[in-house]
Amino acid sequence: MALRLWASSAANALKISSSGARAAPAYSISRYFSTVLDGLKYSSSHEWVKHDGSVATVGITDHAQDSLGELVYVELPNAGTQVSQGEAFGNVESVKATSDVNSPISGEIVEVNAALKDTAVLINKSPYDEGWMVKVKPSNPSELDALLDADKYTKHCEEEHAH
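Residues numbered from 1 in each chain as written. Predicted model: local features only at pLDDT ≥ 70, side-chain atom pairs only at ≥ 80, totals over all residues. Heavy atoms only, no water.

Within the largest apolar cluster, 24 residues are counted, with the highest numbers of intra-cluster contacts made by Ile60, Val74, Val92, Ile123, Met133 and Val134. Breaking this core down by element, the ones donating at least two residues are β5 (55-60), α2 (62-68), β6 (71-75), β8 (88-94), α4 (122-125) and β11 (134-138). With three residues, the top contributor of residues to this core is β5. The residues touching Val134, leaving out its near neighbours within four places in the chain, are Ala56, Thr57, Val58, Leu76, Phe89, Ile109, Glu111 and Val112. Listed in part, the nine residues of the second largest apolar core include Leu40, Tyr42, Trp48 and Ala150. (Core = buried A, V, L, I, M, F, W, Y, C linked by side-chain atoms within 4.5 Å. Buried < 20%, exposed > 50% of the residue type's maximum accessible area, 1.4 Å probe, protein only. Helix = DSSP H or I, 4+ residues; strand = E, 2+ residues; numbered from the N terminus. Contact = heavy atoms within 4.5 Å.)

A few words on the sheet that holds strand β9 (residues 98-102). If you trace the three strands from one edge of the open sheet to the other, you get β6-β8-β9, paired in antiparallel fashion. Both outer strands of the open sheet, β6 and β9, are each paired with one neighbouring strand and no more. In this sheet, adjacent strand axes meet at a mean angle of 25° when their direction is disregarded. (Pairing = 2+ DSSP bridges. Axes fitted to C-alpha atoms, helices over the stretch in contact; angles between N-to-C directions.)

All right, on to the pattern of salt bridges then. Taken as a whole and judged by the stated rule, the model has one salt bridge. Its salt-bridge partner being Lys155, residue Glu159 comes within 4.0 Å of it at the nearest N-O pair. One end of the pair, Glu159, and the other, Lys155, are both in helix α5 (residues 150-162), four residues apart, so they sit about a helical turn from each other. (Salt bridge = Lys/Arg side-chain N within 4 Å of Asp/Glu carboxyl O.)

Moving on, we get to the packing of aromatic side chains. Aromatic ring pairs are reported here in terms of the distance separating the ring centres and the angle at which the planes meet. In total, this model carries two aromatic pairs according to the counting rule given. When the ring of Tyr42 is compared with that of Tyr153, the centres are 4.6 Å apart and the planes differ by 10°; the resulting orientation is stacked. Taken as a pair, Tyr42 in strand β3 (residues 41-42) and Tyr153 in helix α5 lie far apart in primary sequence, 111 residues in all. Judged by its relative accessible area of 0%, Tyr42 is buried. Assessed through its relative accessible area of 0%, Tyr153 is described here as buried. Seen in terms of ring centroids, Trp48 and Tyr128 are 5.8 Å apart; in terms of plane orientation they differ by 55°. Their pairing is tilted. (Phe/Tyr/Trp six-rings, centres within 6.5 Å; stacked < 30°, edge-to-face > 60°.)

Moving on: the sheet that holds strand β4 (residues 47-52). Spatially, the six strands line up as an open sheet ordered β3-β4-β5-β11-β10-β7, and their pairing is antiparallel. What marks the edges here is a single partner per strand, and that holds for β3 and β7 (82-83).

Counting through the fold element by element, Ser94 comes out in strand β8. By relative accessible area, which is 7% here, Ser94 ends up buried. Engagement of the side chain of Ser94 in a polar contact is seen with the backbone oxygen of Leu68, the distance being 2.8 Å. Looking at Ser94, its side chain comes within polar contact range of the main-chain nitrogen of Lys96, at 3.0 Å. (Polar contact = N/O pair within 3.5 Å; in protein donor to acceptor, adjacent residues only side chain to side chain.)

Encoded structure:
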């Protein structure tokens, strides 16, 4: 943590920024070095959702996995389970703590990432790709409008860290 704070302070002191003629990256990095991807929606409880056609992929954010530490166990429901926005659908256990995972949207789980059963650490290594948790067929896609975009989620994390 001290190294992250030092690096952040050094970058600010040197006025290092990504401005210039280059195209903006498809992700942003908060001052605490958690990756936040553009194009996803985020909940204030640190879950992400990617809506693609009739299915939404859900997982926990890089910020969440970093806060939890190395994950050792993931408990997820079976396909066919109904989930409600803001309600727990599973949990993750790390060497530090056990935490509920809340659904950012309501609907029916149509697929579960079976690889997490034996390799929970995939969430630590790749929270937005190999570490996805469930795929949901949304029952109310308009719920996505109430979620945070990348900029608002980054600000939420920074405010949360300040307290």
